[in-house]
There are 2 protein chains.
Amino acid sequence: MSGPDARRPTVLVLDAAPPAPPPRLGVLTGRARVLHAKDATELRDQLPYADVLLVWGFLSDAVREAWPGRGARPVWVHTASAGVDRLMFPELVASDTELTNARGVFDQPIAEYVAALVLAMGKDLPATIGYQANREWRHRETQRIAGTRACVVGTGPIGQAIVKQLKALGITTALVGRRARAGVHGPADLDRLLARADWAVCAAPLTDETRGMFDARRFGVMQPSARFINVGRGPLVVESDLVDALRKRWIAGAALDVFEHEPLPDDSPLWTAPGLIVSPHMSGDTVGWRDELGRQFVELFGRWENGRPLMNVVDKKRGYVPGS
Amino acid sequence: MSGPDARRPTVLVLDAAPPAPPPRLGVLTGRARVLHAKDATELRDQLPYADVLLVWGFLSDAVREAWPGRGARPVWVHTASAGVDRLMFPELVASDTELTNARGVFDQPIAEYVAALVLAMGKDLPATIGYQANREWRHRETQRIAGTRACVVGTGPIGQAIVKQLKALGITTALVGRRARAGVHGPADLDRLLARADWAVCAAPLTDETRGMFDARRFGVMQPSARFINVGRGPLVVESDLVDALRKRWIAGAALDVFEHEPLPDDSPLWTAPGLIVSPHMSGDTVGWRDELGRQFVELFGRWENGRPLMNVVDKKRGYVPGS
């Protein structure tokens, strides 16, 4: 074992809680000194010595709390998540620290998860499971999926994977982004597209522009038969407005995998909102995901230590990795 | 209203219970005399006068019970179902009565239903719904669907639609039928394919050859991580063997939409078998299905009354409509 070494860079890992250290970092032996911090206090002590910060526990606000106001700070921060909203605080945005994300790891898993939700709601599976628990034989007619319409908000690789997957199910799909371009509708088309969508799917990054974009007015323009799915970030949705919209049957159902507060508090009305499926921020987390995230960081580190340009670099003004 | 008329053929409808008469028969006004029977007794009284029998209540054994041993009988029987097993009794098989089925109506709906089950099991949705009911936030890793393997048994249009749908999800799919041919494996390959399948899907017709084909031995060759889905007919599966296989964790889960006895009796161990989703024979029944079945019969009737050949004619020796 070796001690601190000026020639080797220091990688500081903000661990996830409960502790689940990143796999694959063993390959950095001899190439980097790896330190760990489990919370804002430990992070604050160690950040001045870190060249690189790996945000493995990406659901914590510790980075914002511990970021050094001035002086030494990491030159590169990598987050093991697609969304970077928790890192978009002014001091990091203004700094020359480079920020990268886990672009690519979650695309196909989340697209499959959205397809699972669409099919489950269309085929009324939650009710089937409820009837089974009561040994009730209740035949129902369900929905034909092919030929329905979806409106997907968010043009990153996750949104694009969702579009591809829904099209494979025969769903006519429109994609909405920050600005209109080939194959992408601009914000001006959103209400019109939502008004005729059977499925409204939110996979947008959380930015000042998108925060609260799914509110009472937006649920109000949807069809009573429509379902809403959020796999982006919780604050994209005004949760109390969604509960109201479901209670008043403005829309037929919804599924949330992300929430304003996670874990979802015990007393949240979302747990029992009619027609709502609540899942614990797991849409992208298929078996092997942690290993893939570890591999991705190691690959990026290899580029960084050799002075090659990083991939998945976040545009800190916009709050996401710009598309190709 | 007109009375019996020797020049117009008589169509006898075996109604479904609870009564749900076939839509669209109004267009036969002036072209046929339409009578209704609700059970075997009424059927027995009226069958001798029927030229055509429409088996609308396809889950009943009334036709077998009421079939005239000799003398006048319908020249054409149409069943509003894909499976014809309940009509494969010796007297009807031996007769020169032509038998047609609802081939085509259920293909896409059942394929979507199978996709819904595959995704729901892969993404652990039943557990998610259970945790939600208890306000439990339990993050889990779920399965990646693309790249898994399915073995689909049954090469009719339903089996083919299932294959197409699963392939669209990125699943590698093998199709097994009564005899090997281009794109279809024969029965000799079944165990080998099941042994490496993540998803075993049964969409076979119920015949003497297929009855009980999914038994302890077949569940025994599957992987412990495999799931089994039956959308064919209940007796294709030895239900007690499936319960055993699930309890002993020979396989990870299953979903049955069809059963030996329907509705599934209250005291069936299937209701609570671990990892089993029970649904009430509804996989093909999307909104509008009854109307589509009615339209299909009217179309066939138009051919029949003009002496043109019928479509969807069952090979009564084999027990299904032979493929193209």
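A quick note: this is a predicted structure, and the numbers were derived from the prediction, not measured. (Residues numbered from 1 in each chain as written. Chains lettered and ligands numbered in written order. Predicted model: local features only at pLDDT ≥ 70, side-chain atom pairs only at ≥ 80, totals over all residues. Heavy atoms only, no water.)

> So what's going on with the environment of B:Met213? Residues and values would help.
All names here are of chain B. Position of Met-213 among the secondary structure elements: in the loop between strand S8 (199-202) and helix H8 (216-221). Under the relative-accessibility criterion, Met-213 is labelled buried at 13%. Sequence spacing of Met-213 and Thr-97 is 116 residues, and the spatial spacing of their C-alpha atoms is 29 Å. Beyond its immediate chain neighbours, meaning those up to four positions away, Met-213 contacts Val-153, Leu-190, Arg-218 and Leu-236. (Helix = DSSP H or I, 4+ residues; strand = E, 2+ residues; numbered from the N terminus. Buried < 20%, exposed > 50% of the residue type's maximum accessible area, 1.4 Å probe, protein only. Contact = heavy atoms within 4.5 Å.)

> Just give me the short version of the interface of chain B and chain A, but keep the residues and values in it.
Residue-level contacts link 55 residues of chain B with 55 residues of chain A. Both faces combined, the contact of chain B with chain A buries some 4800 Å², and carbon together with sulfur accounts for 62% of it. Looking at the side of chain B facing chain A, the largest losses of area belong to B:Arg135, B:Trp137 and B:Trp271, adding up to 18% of the total buried there. The shortest N-O distance in the salt bridge between B:Glu112 and A:Lys123 comes to 3.0 Å. Counting the contacts that link chain B with chain A gives 22 residue pairs in polar contact (both at pLDDT 80 or more). Of all elements in the fold, only helix H4 (107-122), helix H5 (125-133), helix H6 (157-168), strand S11 (276-278) and helix H10 (289-305) of chain B reach the threshold of two or more residues within the side of chain B that touches chain A. Ranked by residue count, the leading element in the side of chain B that touches chain A is H4(B), at nine residues. Per-class residue counts for the side of chain B that touches chain A are 28 nonpolar, 13 polar and 14 charged. (Buried area = accessible area lost by both parts, 1.4 Å probe. Salt bridge = Lys/Arg side-chain N within 4 Å of Asp/Glu carboxyl O. Polar contact = N/O pair within 3.5 Å; in protein donor to acceptor, adjacent residues only side chain to side chain. Nonpolar A, V, L, I, M, F, W, Y, C, P; charged D, E, K, R; others polar.)

> Mind laying out the UniProt feature "domain: D-isomer specific 2-hydroxyacid dehydrogenase NAD-binding" (unreviewed entry) in chain A, listing which residues take part and the relevant values?
UniProt tags residues 116-283 of chain A as "domain: D-isomer specific 2-hydroxyacid dehydrogenase NAD-binding" (unreviewed entry). Between the C-alpha atoms that bound residues 116-283 of chain A there is a distance of 10 Å. The span itself is 29% helix and 15% strand. (UniProt positions renumbered as here; feature names shortened; annotations may be inferred.)

> So what about the environment of B:Leu194? Which residues, and what values?
Mapped onto the fold, B:Leu194 is located in helix H7 (residues 190-195). Between the C-alpha atoms of B:Leu194 and B:Ala150, which are 44 residues apart in sequence, the distance is 8.3 Å.

> Explain the sheet that holds strand S9 (residues 227-230) of chain B residue by residue, including any values.
All names here are of chain B. The strand order across the open sheet built from six strands is S7-S6-S8-S9-S10-S11, with neighbouring strands paired in parallel fashion. Only two strands of the sheet have a single partner each, and these edge strands are strand S7 (172-176) and S11. Taken over all neighbouring pairs, the strand axes of this sheet differ in orientation by 15° on average, direction set aside. Inspection of the sheet shows S9 paired to strand S10 (residues 253-256) by four bridges, in the parallel sense. Among the inter-strand pairings, Ile-229 is bridged to a residue of S10, identified as Ala-255. (Pairing = 2+ DSSP bridges. Axes fitted to C-alpha atoms, helices over the stretch in contact; angles between N-to-C directions.)

> Go over the sheet that holds strand S4 (residues 76-79) of chain A, please, and point to the residues and values.
Across a sheet, strands are paired by hydrogen bonds formed along the backbone, either parallel or antiparallel in direction. Residues and elements named next belong to chain A. Read from one edge to the other, the open sheet built from five strands follows the order S2-S1-S3-S4-S5, with strand pairing classed as parallel. Two strands in the sheet have a free side with no partner beyond their single neighbour: strand S2 (33-37) and strand S5 (98-100). Adjacent strand axes in the sheet meet at a mean angle of 20°, parallel and antiparallel pairs treated alike. Across three bridges, the pairing between S4 and S5 is parallel. Within S5, the position partnered with Trp-76 by the bridge is Glu-98. Across the sheet, helix H10 (residues 289-305) lies against strand S1 (10-14), strand S3 (52-55), S4 and S5, angled at about 160° from S4, the strand it touches most.

> An account of the pattern of salt bridges is needed here, citing residue identities and associated values.
Residue and element names in this part refer to chain B. According to the stated counting rule, one finds 30 salt bridges over all chains in the structure shown. The shortest N-O distance in the salt bridge between Arg-86 and Asp-61 comes to 3.2 Å. Within this pair, whereas Arg-86 is found in the loop between strand S4 (76-79) and helix H3 (90-94), its partner Asp-61 is found in the loop between strand S3 (52-55) and helix H2 (62-66), the two being separated by 25 residues in sequence. For Arg-86, a relative accessible area of 26% corresponds to the partly exposed category. Using a relative accessible area of 32% as the deciding quantity, one classes Asp-61 as partly exposed. With its nearest N and O atoms 3.0 Å apart, the salt bridge here joins Arg-178 to Glu-209.

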